[in-house]
Amino acid sequence: MDNRLDAFEKMLSAVIQKYGETSEKLDALKAQGKNKTAAFRELLGDKLTCRYILSLYEQYGLIEKNSFKERSE
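What comes next concerns the included structure. Computed from a predicted model, the values in this text were never measured in an experiment.

## A look at the overall build of the chain
1) Next: Helix and strand counts for the chain stand at three helices and zero strands.
2) Next: In the chain, the succession of helices and strands from N to C terminus is α-α-α.
3) Next: In terms of overall dimensions, the chain has a C-alpha envelope of 45 × 20 × 20 Å along the principal axes.
4) Next: Within the span of the chain, comprising 73 residues, buried residues form 26% of the whole.
5) Next: Long-range contacts, defined here as pairs at least 24 residues apart, represent 55% of the contacts in the chain between residues at least 6 apart.

Structure below.
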């Protein structure tokens, strides 16, 4: 059971980290006016996927609502 919990915590940390990194990259591209590029759209898809995963964790009570925002900064 501990291995499963450890795996969950690692996955959660990875998703939170990816969400934060992706947000930063999107902000940088926006600042450069590159918000219609393929790279921007790919990153946006990644961010939305991470957000969806985090919302499932919230929905099932595995993390508190919006708790990932503090952890990703």
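## Observations regarding helix H1 (residues 2–31)
1) Next: An ideal rise of 1.5 Å per residue puts 44 Å on 30 residues; H1 measures up with 44 Å between its terminal C-alpha atoms.
2) Next: Phe8, Leu12, Val15, Ile16, Tyr19, Gly20, Thr22, Ser23, Leu26 and Leu29 are the residues of H1 that are buried.

## Points about the pattern of salt bridges
1) Next: Here the structure, examined in full by the defined rule, presents two salt bridges.
2) Next: Residue glutamate 58 pairs with arginine 51 through a salt bridge whose shortest N-O separation is 3.5 Å.
3) Next: According to the relative accessible area criterion, glutamate 58 is buried, its value standing at 14%.

## A look at the environment of lysine 30
1) Next: Its location among the elements puts lysine 30 in helix H1.
2) Next: For lysine 30, a relative accessible area of 48% translates into the label partly exposed.
3) Next: With ten residues separating them along the chain, lysine 30 and phenylalanine 40 place their C-alpha atoms 8.3 Å apart.
4) Next: What lysine 30 contacts, discounting residues up to four positions off in sequence, is Asn35 and Phe40.

## Description of the nonpolar core
1) Next: Counting nine residues, the largest nonpolar core is built from Phe8, Leu12, Val15, Ile16, Tyr19, Cys50, Leu54, Tyr57 and Ile63.
2) Next: If one sorts the elements of this core by residue count, H1 sits on top with five residues.

## What to know about helix H2 (residues 38–59)
1) Next: An ideal rise of 1.5 Å per residue puts 32 Å on 22 residues; H2 measures up with 31 Å between its terminal C-alpha atoms.
2) Next: If you check which residues of H2 are buried, you get Phe40, Leu43, Cys50, Leu54, Tyr57 and Glu58. Buried residues of H2, viewed axially, fall in a sector of 100 degrees; they line one side. Residues of H2 that are exposed and point over 90 degrees away from its buried face: Ala38, Arg41, Glu42, Leu48, Tyr52 and Gln59.
3) Next: Downstream of H2 by a residue or two, glycine 61 has a phi angle that is positive, lying close to 75 degrees.

How each quantity is defined
- Within any chain, residue numbers begin from 1 and follow the written order of that chain's sequence.
- pLDDT decides what is reported in this predicted model: residues at 70 or higher carry local features, side-chain atom pairs at 80 or more are listed and counted, and totals for whole chains, interfaces and linings draw on all residues regardless.
- Note that the side-chain values use all heavy atoms of the structure and ignore hydrogens as well as water.
- For helices the rule is a DSSP run of H or I covering at least 4 residues; for strands it is a run of E covering at least 2, with both sets numbered from the N terminus onward.
- Think of it in three bands: residues with accessible area under 20% of the maximum for their type are buried, residues over 50% are exposed, and the middle band is partly exposed, with areas taken using a 1.4 Å probe on protein chains only.
- Whether two residues touch is decided by their heavy atoms; if any such pair falls within 4.5 Å, the residues are in contact.
- Here, expected helix span is obtained from the residue count minus one, scaled by 1.5 Å.
- Throughout this description, the term salt bridge denotes a Lys or Arg side-chain nitrogen within 4 Å of a carboxyl oxygen of Asp or Glu.
- To qualify as a nonpolar core, a set must consist of buried Ala, Val, Leu, Ile, Met, Phe, Trp, Tyr and Cys residues joined through side-chain atoms within 4.5 Å.
- Picture the helix axis, draw a direction to every C-beta atom, and the arc is the one those directions span.

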